[in-house]
Amino acid sequence: MRKLTVNLGRRSYDIVIGYKVLPEFGRLLRKLKIGSDAVVVTNPYIRKLYGDRLENSLKEEGFSVRFEEVPDSKTSKSDKMCLNLIKRIALYDEQRTLFIIAFGGGVIGDLAGFLASIYKRGIPYVQLPTTLLAQVDSGIGGKVGIDWTYGKNLIGAFYQPKVVFSDISLLKSLNLRQLRSGLAEVIKYGIIQDEGLFRYIEKRYLGILKLNENDLLHIVLASSKIKAHIVQKDERDTEGKRMLLNLGHTIGHAIEAATKYTLYSHGEAIAIGTVCAAQIAKILRLLSPDSFQRIENLILKVGLPVKIQNVKLTEILKAQLHDKKFIGRKNRFVLQFIGRKNRFVLPVGIGKAEVRENVPLEMVKKVIKSRLECT
Ligand code: GLY
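Let me begin by describing the structure that accompanies this report. Bear in mind the structure is a predicted one, so any value in this text is a computation, not a measurement. (Residues numbered from 1 in each chain as written. Predicted model: local features only at pLDDT ≥ 70, side-chain atom pairs only at ≥ 80, totals over all residues. Heavy atoms only, no water.)

Side note on the site of the ligand
Then step 1. Contacts to the ligand come from Asp137, Lys143, Lys227, Arg242 and Leu245.
Then step 2. At 3.1 Å, a side-chain N or O of Asp137 approaches a nitrogen atom of the ligand.
Then step 3. Separating an oxygen atom of the ligand from a side-chain N or O atom of Lys143 is a distance of 2.9 Å.
Then step 4. Expressed as a share of its isolated accessible area of 200 Å², the protein-covered part of the ligand is 85%.
Then step 5. Here the residues of the shell around the ligand are counted per class, giving 1 nonpolar, no polar and 4 charged. (Near = heavy atom within 4 Å. Polar contact = N/O pair within 3.5 Å; in protein donor to acceptor, adjacent residues only side chain to side chain. Areas by Shrake-Rupley, 256 points an atom, 1.4 Å probe, with all protein chains shown as cover. Nonpolar A, V, L, I, M, F, W, Y, C, P; charged D, E, K, R; others polar.)

Things to note about the layout of surface pockets
Then step 1. Computed from the structure, the second largest pocket encloses a volume of approximately 240 Å³.
Then step 2. Of all elements in the fold, only β1 (2–6), β2 (13–18) and α1 (25–32) reach the threshold of two or more residues within the lining of the second largest pocket.
Then step 3. Looking at the lining of the second largest pocket residue by residue, the classes come out as 6 nonpolar, no polar and 7 charged. (1 Å grid on protein atoms, 1.4 Å probe; cavity = no way out; pocket = protein on both sides within 12 Å on 5 of 7 lines; lining within 4 Å. Points joined across faces, edges and corners; volume = space filled by probe spheres on them. Helix = DSSP H or I, 4+ residues; strand = E, 2+ residues; numbered from the N terminus.)

Quick notes on the pattern of salt bridges
Then step 1. For the structure on display, the rule yields 24 salt bridges.
Then step 2. A salt bridge links Glu24 to Arg27; its shortest N-O distance comes to 3.0 Å.
Then step 3. Overall, Arg27 belongs to the partly exposed group, its relative accessible area being 42%. (Salt bridge = Lys/Arg side-chain N within 4 Å of Asp/Glu carboxyl O. Buried < 20%, exposed > 50% of the residue type's maximum accessible area, 1.4 Å probe, protein only.)

Some remarks on the environment of Ile208
Then step 1. One can find Ile208 in helix α7 (residues 195–209).
Then step 2. Since its relative accessible area comes to 0%, Ile208 is described here as buried.
Then step 3. Sequence separation between Ile208 and Val302 is 94 residues; the distance between their C-alpha atoms is 9.1 Å.
Then step 4. In contact with Ile208, other than residues within four places in its own chain, are Leu179, Leu183, Ile201, Asp215, Leu216 and Ile219. (Contact = heavy atoms within 4.5 Å.)

Re the packing of aromatic side chains
Then step 1. For the structure shown, the criterion picks out 4 aromatic pairs.
Then step 2. Aromatic side chains Tyr125 and Tyr159 sit 5.6 Å apart centroid to centroid with 10 degrees between the ring planes, which places their arrangement in the stacked category. Placement of the pair is Tyr125 in strand β6 (residues 125–129) and Tyr159 in the loop between β8 (151–158) and β9 (163–167), with a sequence separation of 34 residues.
Then step 3. Overall, the relative accessible area of 1% leaves Tyr125 in the buried class.
Then step 4. The ring centre of Phe63 lies 4.2 Å from the NZ or CZ of Arg30, which sits over that ring.
Then step 5. Just above the ring of Tyr92 sits the side chain of Arg96; from NZ or CZ to the centre is 3.9 Å. (Phe/Tyr/Trp six-rings, centres within 6.5 Å; stacked < 30°, edge-to-face > 60°. Lys NZ or Arg CZ within 6 Å of the ring centre and 35° of its normal.)

A word on unusual backbone geometry
Then step 1. With a phi angle near 60 degrees, Arg121 is a residue other than glycine that sits in the positive phi range.
Then step 2. As for its position among the elements, Arg121 is in the loop between α4 (106–118) and β6.
Then step 3. Judged by relative accessible area, which is 82%, Arg121 ranks as exposed.
Then step 4. Even without a glycine there, the phi angle at Asn153 is positive, about 50 degrees.
Then step 5. Tracing the sequence through the fold places Asn153 in strand β8.
Then step 6. When its relative accessible area of 33% is taken as the criterion, Asn153 is described as partly exposed.

Comments concerning empty space enclosed by the protein
Then step 1. Under the definition given, this model contains 1 cavity of 30 Å³ or more.
Then step 2. Together, Asn246, Leu247, Gly248, His249, Thr250, Ile251, Gly273, Ala277, Phe344 and Val345 line the largest cavity.
Then step 3. Within the residue set of the lining of the largest cavity, elements represented by two or more residues are α9 (249–258), α10 (266–283) and β11 (343–349).

Comments concerning the nonpolar core
Then step 1. In this structure, Leu132, Leu183, Ile201 and Ile219 are the most contacted members of the largest nonpolar core, which totals 81 residues.
Then step 2. If we ignore the near neighbours within four places in the chain, the residues touching Leu132 are Leu171, Leu174, Leu179, Gly182, Leu183, Val186, Ile219 and Val220.
Then step 3. Core analysis: the second largest hydrophobic core is formed by 24 residues, Val16, Val40, Phe103 and Leu128 among them. (Core = buried A, V, L, I, M, F, W, Y, C linked by side-chain atoms within 4.5 Å.)

Let's talk about helix α14 (residues 361–371)
Three- or four-residue spacings in an α-helix give side chains the same orientation, since the helix completes a turn every 3.6 residues.
Then step 1. Of the positions making up α14, those classed as buried are Leu361, Met363, Val364, Val367, Ile368 and Arg371. The buried residues of α14 occupy an angular sector of 165 degrees when projected down its axis, which confines them to one face. Summarising the geometry of α14, the exposed residues directed more than 90 degrees from the buried face are Glu362, Lys366 and Lys369. (Arc of directions from axis to C-beta.)

So, in structure tokens, the structure goes:
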């Protein structure tokens with residue numbers, strides 16, 4: 001079992017990573033002294049697969065356990081679902097010392113973490129991520145929230161978990177598409193900060209896709225280290241350092257929004273957004289043609305898309321104008337975007353990235369256009 005620490009003073013916590021370590025989870029929680037009554041927020045699929053194992057581990061250490069299921073869907077990250085869960089938990093609560101276990105992927109982690117942040121002005125919660133994406137990214141760093149009619153993650157908080165417990169063996173239940181989606185974020189870490197990790201994926205992508213234990217351990221550990229380091233330096237995303245984690249997200253989010261979150265998984269959209277950002281960096285001569293090619297090749301090799309299908313340029317640009325990274329009132333967004341004020345994370349090598357503002361709109365359009373594929 002490997003342990004990393006996210007150093008945030010009184011809000012510090014460990015990321016524990018291992019293979020088949022779920023039986024140890026109860027013992028670890030007992031040491032944390034975070035309460036005696038666990039409310040496990042999960043979906044029916046994960047509960048069916050791993051619920052008994054988790055329950056045994058908790059009960060052996062004397063915890064009471066209650067499962068709260070939410071549907072396995074992006075739409076579960078809603079105000080309605082959150083309030084409904086709070087009602088169910090409040091009815092159960094009487095005299096208990098509750099804490100929340102977010103047992104699932106990114107949707108569960110964000111929803112359960114957010115509910116923990118507001119219920120009784122905050123109760124402890126832990127992340128027990130079951131997807132690669134949640135183990136390497138969304139489970140770490142305390143960004144929690146729900147979606148609302150007016151925007152994704154519009155209602156949220158910075159609320160750190162008490163521990164992140166990543167059991168690599170749980171990733172065996174992922175299908176290839178889910179695995180690739182998480183891999184997009186791992187490639188992102190390689191590009192922004194760690195050429196060694198990037199090279200590792202170039203060499204070992206077949207092993208990773210076959211869920212080889214050592215390969216998964218390697219990439220989850222390396223990614224978690226980078227994420228922990230960045231969160232330590234810029235917990236509340238105000239110093240421009242955490243912003244680097246948004247490589248590929250400017251155009252990626254726009255593609256997701258333009259397709260109403262149905263056509264592409266988050267990782268697939270981010271993969272396309274990453275190639276677009278690398279292409280912009282190449283045009284701006286910030287990134288060498290060779291490095292650009294390595295990025296595009298790796299994304300292709302792992303089976304992620306580098307082309308956009310069935311979406312129009314105008315739809316992507318419109319969605320981009322509404323991205324919350326464009327600060328200001330809506331009608332001013334348009335002027336700012338068309339005028340000067342967009343912001344991109346651009347790779348300037350493999351292992352290094354920078355935030356750039358004011359990328360010419362014509363260049364952004366040209367790059368997106370070159371990625372469009374009509375079917
Ligand atoms: N996933 C981006 C962040 O945690 O800041």
